[in-house]
Amino acid sequence: MGHLITYPTNLYSQDDFPEVEQALIFHLGLGIFMTERSRAELPEAEEERVSGAWRRFKQALSDMDDAGESEDFQAVGIKCRDALLAVVRDHKTAEWVGEVEDPPKDSDFKGWGNIFAERLGEGRVRSYIKALADKTWDLSVWLQHNTHATPDDAELVLDATAHYLSALGRLIHRRDHGEPERCPRCGSYRLDEDVEMVDEPEMGMLDSTICGGCGWQSEQTFTSLVEYLRGKEQAITDYLSRPAAGPSDRLHRKERRGAREADGD
């Protein structure tokens, strides 16, 4: 028997939670924990491109956990401002920024924010990122100097900062990798790699791309197993040699048995 509540973990054992109120309190706490953890995470591709700023943003989140007074919420604003300035320090000399005539000072986040938007977007996207940088900076500075700051004020600035960093990371990733490929038949983005292991004419793999929209498949490309493994021999040996059950037992088995026998003597 158990208590049925709601998503994400909707069934709790009655042995662990004799009273439904206990299960409900635990469930609510779990939901809050998962929400807090999720907003400290970014997709890996985005976080890689704003890692320094994101680390400072997570410090702001940590400060918010312990905040209770207006001055604590002001400190959250300072950390968010620092996260935004870290974006400038990390990217002002990036290859995608290029040469900047009469560059702004490092402390001029709005100036650099406009430059980043010019390099990474066009049309409405460019205008949006410019406005987002401008308003996010204004909010963080406002919170820093707001002697009557409330928890809602701090949460608003945290959300705005996270959104800007996420958007910037996404745009940098898009610039690095270009637009996603589309199916030449139907234009769908649902392209997946298909790998088939074969034994003839020699052991290897046939690679192709398949469209999940219309079923189109690209021409298969053969890669022999020898070619695929070339240059990876040491990495494979190191992996198989690790002291763990499974494939590693196939390597140096005699030496390990001898060592155990010697220890027994």
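Because the structure is predicted, anything quoted here is derived from the model rather than measured.

Trainee: Before we go on, may I ask you to explain the overall build of the chain in this structure?
Mentor: A count of helical and extended segments in the chain gives 10 helices and 5 strands. For the chain, the proportion of its 265 residues judged to be buried stands at 31%. Nonlocal contacts in the chain, meaning residues at least 24 apart in sequence, comprise 43% of its contacts between residues at least 6 apart. Carbon together with sulfur atoms contributes 51% to the accessible area of the chain, which is approximately 17300 Å² in total.

Trainee: Just to check I follow, could you spell out unusual backbone geometry for this structure?
Mentor: We note that Asp102 has phi near 55 degrees; this positive angle belongs to a residue other than glycine. For Asp102, the position within the fold is in the loop between α4 (70–91) and α5 (109–120). A relative accessible area of 69% places Asp102 in the exposed class.

Trainee: In this structure, what is going on with the sheet that holds strand β4 (residues 204–211)? I would like to understand it.
Mentor: Strand pairing in a sheet relies on backbone hydrogen bonds. The paired strands run either parallel or antiparallel. One open sheet accounts for 3 strands, arranged β3-β4-β5; its pairing is antiparallel. Each of the sheet's edge strands pairs with one partner strand only, and the pair in question is β3 (191–198) and β5 (221–224). Going across the sheet, the axis of each strand differs from the next one's by a mean of 30 degrees, ignoring polarity. Pairing geometry for β4 and β5, over 4 bridges, is antiparallel. Along β5, the bridge assignment pairs Asp207 with Thr221.

Trainee: Is there a simple way to explain the packing of aromatic side chains in this structure?
Mentor: One pair of aromatic rings is described through two measures. These are the centre distance and the angle between the planes. All chains considered together, the criterion is met by 5 aromatic pairs. Centre to centre, the rings of Trp54 and Phe57 are 4.7 Å apart; their planes meet at 35 degrees, and the pair counts as tilted. Of the two residues, Trp54 and Phe57 are both situated in helix α3 (residues 51–66); the distance of 3 residues between them amounts to about one turn of the helix. For the residue pair Trp54 and Phe57, the accessibility class agrees, reading buried in each case. Judged by centre distance (5.6 Å) and plane angle (75 degrees), the ring pair of Phe109 and Tyr164 falls under edge-to-face. Taken together, the residues span a long stretch of sequence, with Phe109 in helix α5 and Tyr164 in helix α7 (residues 151–177) at a distance of 55 residues. What makes Tyr164 buried here is its relative accessible area of 1%. Among the aromatic residues, those joined into a ring-pair cluster are Trp96, Trp112 and Phe116.

Trainee: Where do I start with the pattern of salt bridges in this structure?
Mentor: If charged atoms from side chains of opposite charge come close, those side chains can pair. This model, assessed by the stated rule, comprises 9 salt bridges. A salt bridge links Lys92 to Asp106; the shortest N-O distance between them is 2.7 Å. Residue Lys92 is located in the loop between α4 and α5, and its partner Asp106 is located in the loop between α4 and α5; the two are separated by 14 residues in the primary sequence. With a closest N to O distance of 4.0 Å, Lys135 and Asp134 form a salt bridge. A relative accessible area of 25% places Asp134 in the partly exposed class. Through salt bridges with shared partners, a single ionic network connects Lys110, Asp134, Lys135 and Asp138.

Trainee: Would you take a moment to explain the side chain of Gln74 for this structure?
Mentor: Within the secondary structure, Gln74 sits in helix α4. Using a relative accessible area of 15% as the deciding quantity, one classes Gln74 as buried. Among all residues touching Gln74, those that are not within four sequence positions of it are Leu143, Gln144, His145, Asn146, Thr147 and Ala149.

Trainee: Help me understand the nonpolar core in this model?
Mentor: A general tendency of soluble globular proteins is for nonpolar side chains to be buried together. Counting 42 residues, the largest nonpolar core has Phe57, Val97, Phe109, Phe116, Leu158, Tyr164 and Leu168 as its most contacted members. When contributions to this core are tallied by element, the ones reaching two or more residues are α3, α4, α5, α6 (123–145) and α7.

Trainee: I keep staring at the pairing of β4 and nothing clicks. Help me out?
Mentor: Where β3 meets β4, 8 bridges bridge the pair, whose relative direction is antiparallel. Bridged to Val195 within β4 is Asp207. Here β3 folds back onto β4, and the loop between the two strands holds 5 residues.

Trainee: What is the right way to look at the packing of α5 against α7 in this model?
Mentor: In the contact formed by α5 and α7, the axes pass within 10 Å of each other and the chain directions differ by 35 degrees. Where α5 crosses over α7, the two elements pack in a sense that is left-handed. Taken together, the residues of α7 that come into contact with α5 (itself represented by Phe109, Gly113, Phe116 and Leu120) are Tyr164, Leu168, Leu171, Ile172, Arg174 and Arg175.

Quick notes on the rules
Residues numbered from 1 in each chain as written. Predicted model: local features only at pLDDT ≥ 70, side-chain atom pairs only at ≥ 80, totals over all residues. Heavy atoms only, no water. Helix = DSSP H or I, 4+ residues; strand = E, 2+ residues; numbered from the N terminus. Buried < 20%, exposed > 50% of the residue type's maximum accessible area, 1.4 Å probe, protein only. Contact = heavy atoms within 4.5 Å. Areas by Shrake-Rupley, 256 points an atom, 1.4 Å probe, with all protein chains shown as cover. Pairing = 2+ DSSP bridges. Axes fitted to C-alpha atoms, helices over the stretch in contact; angles between N-to-C directions. Phe/Tyr/Trp six-rings, centres within 6.5 Å; stacked < 30°, edge-to-face > 60°. Salt bridge = Lys/Arg side-chain N within 4 Å of Asp/Glu carboxyl O. Core = buried A, V, L, I, M, F, W, Y, C linked by side-chain atoms within 4.5 Å. Left-handed = near helix turned anticlockwise from the far one by under 90°.

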